[in-house]
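Each chain, written out:
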Amino acid sequence: MRSSYLEKDVVLLLKDITGLIEPQPTEERERLIQSGKHYSEMLPIEYVPTDKYMQVYKEALNNYAKPVADATGILADKIIKSRGKDVVLVSLARAGIPIGILIKRYIRLFFQIDVPHFSISIIRGRGIDDNAMHYLLDRYRPQQLLFVDGWIGKGAILNELKKDISAYEGVSDEIAVIADPANVTELCGTHDDILIPSSCLNSTVSGLISRTVLRDDLIGTNDFHGAVYYENLKEADLSYEFIEQIEKEFVPVEQIAVVNNPQAESTGMEEVQKIAGQFDIDDINLVKPGIGEATRVLLRRIPWKVLVDERYLESPDLQHLLRLAKEKHVPVETYPMEHYKCCGLIKKMADT
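Residues numbered from 1 in each chain as written. Predicted model: local features only at pLDDT ≥ 70, side-chain atom pairs only at ≥ 80, totals over all residues. Heavy atoms only, no water.

### Points about the packing of helix α2 (residues 51-83) against helix α9 (residues 319-327)
Helix packing geometry: the angle between the two helix axes and the distance between the axes.
So, step 1. It is the contact of α2 with α9, at a shortest axis distance of 9 Å, that shows an interaxial angle of 170 degrees. Our classification of the angle between α2 and α9 gives roughly antiparallel. Within the contact between the two elements, α2 uses Lys52, Tyr53 and Val56 and α9 uses Gln319, His320, Arg323, Leu324 and Glu327.
So, step 2. Its residues assigned to classes, the contact of α2 with α9 comprises three nonpolar, two polar and three charged. (Axes fitted to C-alpha atoms, helices over the stretch in contact; angles between N-to-C directions. Helix = DSSP H or I, 4+ residues; strand = E, 2+ residues; numbered from the N terminus. Parallel < 35°, antiparallel > 145°, perpendicular 65-115°, else oblique. Contact = heavy atoms within 4.5 Å. Nonpolar A, V, L, I, M, F, W, Y, C, P; charged D, E, K, R; others polar.)

Structure below.
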């Protein structure tokens, strides 16, 4: 699979389907998803950021490079302590890829170990890429594999992972993430709902690849799940600018000030169910909590509204989100939350 990443940073176990699938307008795609077509069979037309939005992204990267670097260091330290030096990072395409690269670089810098890093596809409702898993298990012991993602919203992908991984004896369903506001994994850099700037953009911060695709006419029995390479966006590629700006902030884990914020008793999923009830939403997949997920709603779904905890309305964490909501004329409401700073609600297309 082509990408703008270097092979020394990540090997993508994906099939290149560039030119074989036509991206669809967001509204058309949303209607198809809500009428039963699976999201992995289509690609959205990628949002082209305005100059003002890019300005907000750059500010977010400047402001949050340090917190993300510190969370990466804390997570990398936990990984080495719990998994040892022969760990193999397996990031979930595509949000997990830049995080996997950051962890790999941190481990190389401070532990002098060059851990392997692969990326594979997992699709909610369709499962993990079985061919990619067999590729890895032909080369490594099951106990070496560790899944990596960017953040946990409500935990849907973690649930998918737990279900799928039971088929591979000895492989752990544990997942390592930078931020876990849902409070479902200890292998995280922080339980805070922090802004990971890569969540603000699409392929231009993810090696110029699309989200992953699984469709019978494109993906054969022996193929990896597919993705598209956006060569036309080469000039706008910020993938390494993102990685290198965070890498510049790396310090040894002993120098990282750990903030012990009180951890919520409940899980994020319980809060999501409460929000769904409050707003009369019968499909929990239309509720996307946390900064990363809410940003994705605005970038590639049809948003109904954005909920923001009043305490964070002026927070720099959310300025990119409020900018996007304004550009797309999406209402922003205040709503008190325990786990999250914000939450995106997807519009029920039957109501439009």
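### Let's talk about the side chain of Gln245
So, step 1. Looking at the element boundaries, Gln245 is found in helix α6 (residues 239-247).
So, step 2. Taking the relative accessible area as the measure of exposure, Gln245 reaches 18% and is therefore buried.
So, step 3. If we skip the residues at most four places from it in the chain, Gln245 touches Leu61, Asn62 and Ala65. (Buried < 20%, exposed > 50% of the residue type's maximum accessible area, 1.4 Å probe, protein only.)

### Thoughts on the packing of α2 against α6
So, step 1. Look at α2 against α6: their axes get within 8 Å of each other, and the N-to-C directions meet at 45 degrees. With respect to each other, α2 and α6 are oriented oblique. Of the two elements, α2 crosses α6, and the hand of that crossing is right-handed. Between α2 and α6, the residues in contact are Tyr57, Lys58, Leu61, Asn62, Ala65, Val68 and Ala69 and Glu241, Phe242, Gln245 and Ile246, respectively.
So, step 2. A breakdown of the residues in the contact of α2 with α6 according to their chemical character gives seven nonpolar, two polar and two charged. (Left-handed = near helix turned anticlockwise from the far one by under 90°.)

### Structural notes on the sheet that holds strand β8 (residues 175-179)
So, step 1. Overall, parallel pairing links the six strands, which are arranged β1-β4-β3-β7-β8-β9 in an open sheet. Each of the sheet's edge strands pairs with one partner strand only, and the pair in question is β1 (11-12) and β9 (188-190).
So, step 2. Both β1 and strand β4 (residues 117-120) contribute to a ladder of two bridges, which runs parallel. Note that in β4 the partner of Leu12 across the bridge is Ser119.
So, step 3. Lying over the sheet, helix α3 (residues 96-111) contacts β1, β3 (88-92), β4, β7 (145-151) and β8, oriented at roughly 115 degrees with respect to β7. (Pairing = 2+ DSSP bridges.)

### Let's talk about the environment of Asp164
So, step 1. On the secondary structure map, Asp164 appears in helix α5 (residues 156-165).
So, step 2. A relative accessible area of 13% means that Asp164 is categorised as buried.
So, step 3. Between the C-alpha atom of Asp164 and that of Asp129, which follows or precedes it by 35 residues, the distance is 9.5 Å.
So, step 4. Non-local contacts of Asp164, meaning those with residues more than four positions away in its chain, are made with Ile122, Gly127 and Ile128.
So, step 5. Among the polar contacts made by the side chain of Asp164, one reaches the main-chain amide nitrogen of Ile128 at a distance of 2.9 Å. (Polar contact = N/O pair within 3.5 Å; in protein donor to acceptor, adjacent residues only side chain to side chain.)

### What to know about unusual backbone geometry
So, step 1. In this structure, Arg94 follows Ala93 across a cis peptide bond, with omega equal to 0 degrees.
So, step 2. With respect to the helices and strands, Arg94 occurs in the loop between β3 and α3.
So, step 3. Notably, Gln112 is not glycine yet its phi reads approximately 55 degrees, a positive angle.
So, step 4. With respect to the secondary-structure elements, Gln112 resides in the loop between α3 and β4.
So, step 5. A relative accessible area of 63% places Gln112 in the exposed class.
So, step 6. In the Ramachandran plot, His329 falls in the positive-phi region, its phi being about 55 degrees despite a non-glycine side chain.
So, step 7. Within the fold, His329 resides in the loop between α9 and β13 (332-334).

### Looking at the pairing of strand β12 (residues 303-308)
So, step 1. Burial analysis of β12 places five of its six residues in the buried class, which makes it a mostly covered element.
So, step 2. Of the strand pairs in this sheet, β12 and strand β14 (residues 342-346) are connected by five bridges, and their pairing is antiparallel. Paired with Val306 across the bridge in β14 is Gly344.
So, step 3. Here three bridges tie β12 to β13, and the two strands are oriented parallel to one another. Its bridge partner lying in β13, Leu307 is registered against Glu333.
So, step 4. Traced from β12 through α9 to β13, the parallel crossover comes out right-handed. (Right-handed = clockwise from strand over helix to strand, strands pointing away.)

### A word on the packing of aromatic side chains
So, step 1. Summed over all chains, the structure comprises nine aromatic pairs.
So, step 2. Taken together, a centroid distance of 5.5 Å and an interplanar angle of 85 degrees make the contact between Tyr47 and Tyr53 edge-to-face. Tyr53 carries the same exposure label as Tyr47, and that label is buried.
So, step 3. An aromatic cluster is built from Phe118, Tyr135, Tyr140 and Phe224, whose rings are joined through pairwise contacts. (Phe/Tyr/Trp six-rings, centres within 6.5 Å; stacked < 30°, edge-to-face > 60°.)

Everything listed here is a matter of coordinates, which is why it stays silent on function.
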